Amino acid sequence: MEHAEFRDQQGAGEVTIKGPERARVGVVLVHGLNGNRSDMEELEQLFLAQGMRVENILLPGHGTQVQDMLTIGWHDWASALQQAVRAFKLHCDQVFLVGHSLGGALCLHIAAHEEVSGVIAMCAPLYMRPWMLPAIRMVRQLTPFLPTLREDLRDAQARKRYTRNVYRWTPMASVESMLLYLPRLREELSCVTMPTLIIAAQRDHVVPVRDGHEIYRLLGSPEKQLVVLKRSYHLVMKDHDRQEVEERSLAFIQKYTHKETKTEDRRAYRA
């Protein structure tokens, strides 16, 4: 199958869309804080191989210079993603959102306000750790950035193979912005009523695994799944459990694509 590819600007973010010009199923991929499109590239290729249309979004402030993140926060990321989803829906009959970490939280937020067919949130934050917000506020008085530690990957071979073009410094203002929105996100989860797959990692050093359990508990969806991976750290789509992440993600989308197809077929038959 031939694939079209083009780039566009949505808000302050950049969008790369691949796949058929018109597709029945579309998938929007959203990376995490300090990440970029390479985080989601294996999932992108997986969905493209199934004939889906894929949008691998680059969040505002990412992919340039870390100084550009100083004035960027939750509302900028959410606005860019919402615009991208609304535009993407014009090209697809069904749209699924797939996000990692901050990207997962953003997907859940958008799903509370936009009609989509399903959501996959991997290692998404909801509470984080109680000391983080006061600590970040204290650090911000001394410096706007902290050095980015090594990737939270358990697989040593993956660490060698996986090179991310990410900022080597983490902007405190952006982290604070995310943390400040999490209480609102907890309230919004009851409005997420479409099928949802939550993936968490038992050994995650960035987002506590309990956040995954709490997201699952607070979701308003009657069709929700929680998968807790035992071998991976935070970057589950690159780590030891990457094959399971891919298989479960594809199975989830195929399951609810098939379900909606049957529903539409029954409606057409009755008409």
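Structure report, in brief. (Residues numbered from 1 in each chain as written. Predicted model: local features only at pLDDT ≥ 70, side-chain atom pairs only at ≥ 80, totals over all residues. Heavy atoms only, no water.)

### Some thoughts on the packing of helix α3 (residues 102–111) against helix α6 (residues 172–188)
Close contact between α3 and α6 brings their axes to 10 Å; oriented N to C, the two are set at 40°. Judged by the angle between their axes, α3 and α6 are oblique. By crossing handedness, the relation of α3 to α6 is classed as left-handed. Along its contact with α3, which presents L102, A105, L108 and H109, the element α6 presents M178, Y181, L185 and E188. Per-class residue counts for the contact of α3 with α6 are six nonpolar, one polar and one charged. (Axes fitted to C-alpha atoms, helices over the stretch in contact; angles between N-to-C directions. Helix = DSSP H or I, 4+ residues; strand = E, 2+ residues; numbered from the N terminus. Parallel < 35°, antiparallel > 145°, perpendicular 65-115°, else oblique. Left-handed = near helix turned anticlockwise from the far one by under 90°. Contact = heavy atoms within 4.5 Å. Nonpolar A, V, L, I, M, F, W, Y, C, P; charged D, E, K, R; others polar.)

### Details of helix α2 (residues 74–88)
With 15 residues, α2 ought to run about 21 Å at 1.5 Å a step, and its terminal C-alpha atoms sit 21 Å apart, in line with that. Of all the residues in α2, the buried ones are W74, W77, A78, A80, L81, A84, V85 and F88. Looking straight down α2, one finds that the buried residues subtend no more than 165° of arc, so they occupy a single side. (Expected span 1.5 Å × (residues − 1). Buried < 20%, exposed > 50% of the residue type's maximum accessible area, 1.4 Å probe, protein only. Arc of directions from axis to C-beta.)

### Some thoughts on the pairing of strand β9 (residues 196–201)
With respect to burial, β9 is a largely interior element, six of its six residues being buried. Alternating positions in β9 separate into two faces, T196, I198 and A200 on one and L197, I199 and A201 on the other, with burial throughout. Pairing geometry for strand β6 (residues 118–122) and β9, over four bridges, is parallel. When the sheet's bridge partners are listed, V119 is paired in β9 with T196. Since β9 and strand β10 (residues 224–229) lie parallel, the crossover through helix α7 (residues 209–218) that links them has a hand, and here it is right-handed. (Pairing = 2+ DSSP bridges. Right-handed = clockwise from strand over helix to strand, strands pointing away.)

### Brief notes about the environment of T143
With respect to the element layout, T143 can be found in the loop between α4 (132–140) and β7 (145–147). Overall, T143 belongs to the partly exposed group, its relative accessible area being 25%. As a C-alpha pair, T143 and M172 span 29 residues in sequence and 8.2 Å in three-dimensional space. One polar contact links the side chain of T143 to the main-chain carbonyl oxygen of F145, over a distance of 3.0 Å. (Polar contact = N/O pair within 3.5 Å; in protein donor to acceptor, adjacent residues only side chain to side chain.)

Function cannot be read off these values alone, since they describe shape.
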